[in-house]
Protein chains: 2
Amino acid sequence: MSIRIAFDMDGVIADCLTKELEIYNHTFNKTLLKSDLYGKKLDMIIPKEHTDYLHQCMHNKDFFKDLKVMEKSQYVLEKLSKKFEVFITSAAMEFPSSFNAKYNWLKTNFPFISDSNIVFCGDKRIVNANYLIDDHSHHFKFFCGQGIIFTAPHNIFEKGYKRVNNWSDIELLFLHE
Amino acid sequence: MSIRIAFDMDGVIADCLTKELEIYNHTFNKTLLKSDLYGKKLDMIIPKEHTDYLHQCMHNKDFFKDLKVMEKSQYVLEKLSKKFEVFITSAAMEFPSSFNAKYNWLKTNFPFISDSNIVFCGDKRIVNANYLIDDHSHHFKFFCGQGIIFTAPHNIFEKGYKRVNNWSDIELLFLHE
């Protein structure tokens, strides 16, 4: 079997956080920066009613439609997909109303990823791969392979996992070693 | 780790074929029976334009909305889910327009299956489970666990796999051994 690498979607190939902060700052007239979120999740530092509002936005199918692509992810993922079995494994069951928007976003921005290599799941213990690149380390607990944490403000102080800070790190790790 | 069992959706818990035949017979004034499909898929015995029409119907999001539940599947699956890790793994990427209908059908008919245990995928090699119950044996080729074929007219002559004919067989296999 060739090496199989599973990539999370939100926070790894899709830049959710930038849009969340844009909506938050615009709606509530704030100036929160990514650096304000080091070691914390957004819902830990904003009032509950603001979190509820943001969740409502994220449950709207249009939220995922125009997310920015993470820098260099298209270039590196296309190269990786020629050498490895590459799967996109998104915890999409959190936002069932967004299945189609997420799927269409993937087909638009990563047309070289075939339908057979897209997975919408809830719990990633079901993912059978050698590596899982994810910004949420809780997915690694029952994952059968090696979890690699993709740096995001909320996980910046987490230890105990191999870490990649960006897509150049992923390129280096899998394509130049 | 407790034992994890993955169940296919169409043909195992959802009765797709009955609806396909109903549509086919009604639209083209035919009297095809399930027994006419022993060892064959529908598209092998009907004209290509009829297959195209049926595919068009299946791409309509409403096709999956009112599918019948396979006999005894709710009762047995609920019992299994108390003893094992049970996942529903549907090759839903074949019909991206049906994500929501499929998800809603699951939530309506199998409310005890949590979001975390639902997987919409393409290629089932990505499924990490001890068993995969599926009516399509091609999914077993790269599956990491044991494939168990669920009898459907098209697979009735296939050999080489453990077979269950219905949900009573599944109950017997996992709950009374």
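From a predicted model like this one, the values you see are computed outputs, not experimental measurements.

Engineer: I tried to follow the layout of surface pockets on my own but got confused; where do I start?
Structural biologist: Think of a ball as big as a water molecule: rolled over the atoms, this probe shows where empty space is left. The calculated volume of the largest pocket comes to roughly 1200 Å³. Elements supplying a minimum of two residues to the lining of the largest pocket: α1 (16-28), α2 (42-45), α3 (48-59) and α6 (167-175) of chain A. A class-by-class count of the residues in the lining of the largest pocket yields 17 nonpolar, 14 polar and 16 charged. Looking at the second largest pocket, its volume works out to about 870 Å³. In terms of lining residues, the second largest pocket is bounded by 36 residues, among which B:E20, B:M58, B:D135, B:H136 and B:H154 are the most central.

Engineer: I would appreciate a short explanation of the pairing of strand β6 (residues 131-134) of chain B in the present structure.
Structural biologist: On a regular strand, each side chain points to the face opposite its neighbour's, so the side chains alternate between the two faces of the sheet. Looking at chain direction, strand β1 (residues 4-7) of chain B and β6(B) are connected through 3 bridges and run parallel. When the sheet's bridge partners are listed, B:I5 is paired in β6(B) with B:Y131.

Engineer: Got a minute to help me understand the confidence of the model for chain A in this structure?
Structural biologist: Note that predicted coordinates carrying low pLDDT should not be read in detail. Across chain A, the average pLDDT comes to 94, with 99% of residues at 70 or higher. Reported confidence for the predicted complex is 0.92 by ipTM and 0.94 by pTM.

Engineer: Mind showing me how you'd approach the pattern of salt bridges here?
Structural biologist: Once their charged atoms are close, side chains differing in charge can pair, the charge on each being opposite to the other. Taken as a whole and judged by the stated rule, the model has 28 salt bridges over all chains. We note a salt bridge from A:E85 to A:R4, for which the minimum N-O separation is 2.6 Å. Of this pair, A:E85 sits in strand β4 (residues 85-90) while A:R4 sits in strand β1 (residues 4-7), and the two are 81 residues apart along the sequence. Comparing A:E85 with A:R4 shows no difference in burial state: the two are buried. With its nearest N and O atoms 3.0 Å apart, the salt bridge here joins B:R125 to A:E85. Of this pair, B:R125 sits in the loop between β5 (118-120) and β6 while A:E85 is found in strand β4, placing the two residues in two different chains. The burial state of B:R125 is the same as that of A:E85; both residues are buried. The network of salt bridges with shared partners includes A:R4, A:E85, B:D123 and B:R125.

Engineer: Mind showing me how you'd approach the relation of the copies chain B and chain A here?
Structural biologist: The relation between the two copies of this chain is a rotation about an axis and a shift parallel to it. By a simple turn and slide, chain B fits onto chain A: the slide is 0.0 Å along the axis, the RMSD is 0.0 Å, and the turn is 180 degrees. With respect to symmetry, the two chain copies, as superposed, fit the operation of a two-fold axis. Interface overlap between copies: 96% of the residues of chain B at the interface are likewise at the interface in chain A, consistent with a symmetric, same-surface contact.

Engineer: Quick question: what am I supposed to make of the environment of A:F140 here?
Structural biologist: All names here are of chain A. As for its placement among the helices and strands, F140 is situated in the loop between β6 (131-134) and β7 (146-150). Between the alpha carbons of F140 and K34 there is a distance of 24 Å; along the sequence they are 106 residues apart. Not counting residues up to four positions away in its chain, the partners in contact with F140 are L132, D134, G147, I148, I149 and Y161.

Engineer: Hey, could you run me through the pairing of β4(A) in this one?
Structural biologist: Residues and elements named next belong to chain A. The buried fraction of β4 amounts to 6 of the 6 residues, a majority that puts the element mostly inside the structure. Where β1 and β4 come together, 4 bridges link them in parallel fashion. In the sheet register, R4 faces β4, and the bridge partner there is E85. Judged from the 3 bridges that link them, β4 and strand β5 (residues 118-120) form a sheet pairing that is parallel. Looking at the pairing, T89 lines up with V119 of β5. Running through helix α5 (residues 99-109), the crossover from β4 to the neighbouring parallel element β5 is right-handed.

Engineer: Please explain the interface of chain B and chain A as it appears in this structure.
Structural biologist: Reports of interface size often rely on the accessible area that becomes lost once the parts have come together. Counting from both sides, the interface comprises 23 residues of chain B and, opposite them, 22 residues of chain A. When the buried area of chain B at its contact with chain A is split by residue, B:M93, B:R125 and B:I126 rank highest and sum to 29% of it. Across the chain B-chain A interface, the total number found is 2 salt bridges. Remark: the boundary between chain B and chain A carries 13 residue pairs in polar contact (both at pLDDT 80 or more). Those elements giving two or more residues to the side of chain B that touches chain A turn out to be β4 (85-90), α5 (99-109) and β5 of chain B. Looking at side-chain class alone, the side of chain B that touches chain A contains 13 nonpolar, 5 polar and 5 charged residues.

The rules we used
Residues numbered from 1 in each chain as written. Chains lettered and ligands numbered in written order. Predicted model: local features only at pLDDT ≥ 70, side-chain atom pairs only at ≥ 80, totals over all residues. Heavy atoms only, no water. 1 Å grid on protein atoms, 1.4 Å probe; cavity = no way out; pocket = protein on both sides within 12 Å on 5 of 7 lines; lining within 4 Å. Points joined across faces, edges and corners; volume = space filled by probe spheres on them. Helix = DSSP H or I, 4+ residues; strand = E, 2+ residues; numbered from the N terminus. Nonpolar A, V, L, I, M, F, W, Y, C, P; charged D, E, K, R; others polar. Pairing = 2+ DSSP bridges. pLDDT = per-residue confidence, 0-100. Salt bridge = Lys/Arg side-chain N within 4 Å of Asp/Glu carboxyl O. Buried < 20%, exposed > 50% of the residue type's maximum accessible area, 1.4 Å probe, protein only. Least-squares fit on C-alpha atoms with pLDDT ≥ 70 in both. Contact = heavy atoms within 4.5 Å. Right-handed = clockwise from strand over helix to strand, strands pointing away. Buried area = accessible area lost by both parts, 1.4 Å probe. Polar contact = N/O pair within 3.5 Å; in protein donor to acceptor, adjacent residues only side chain to side chain.

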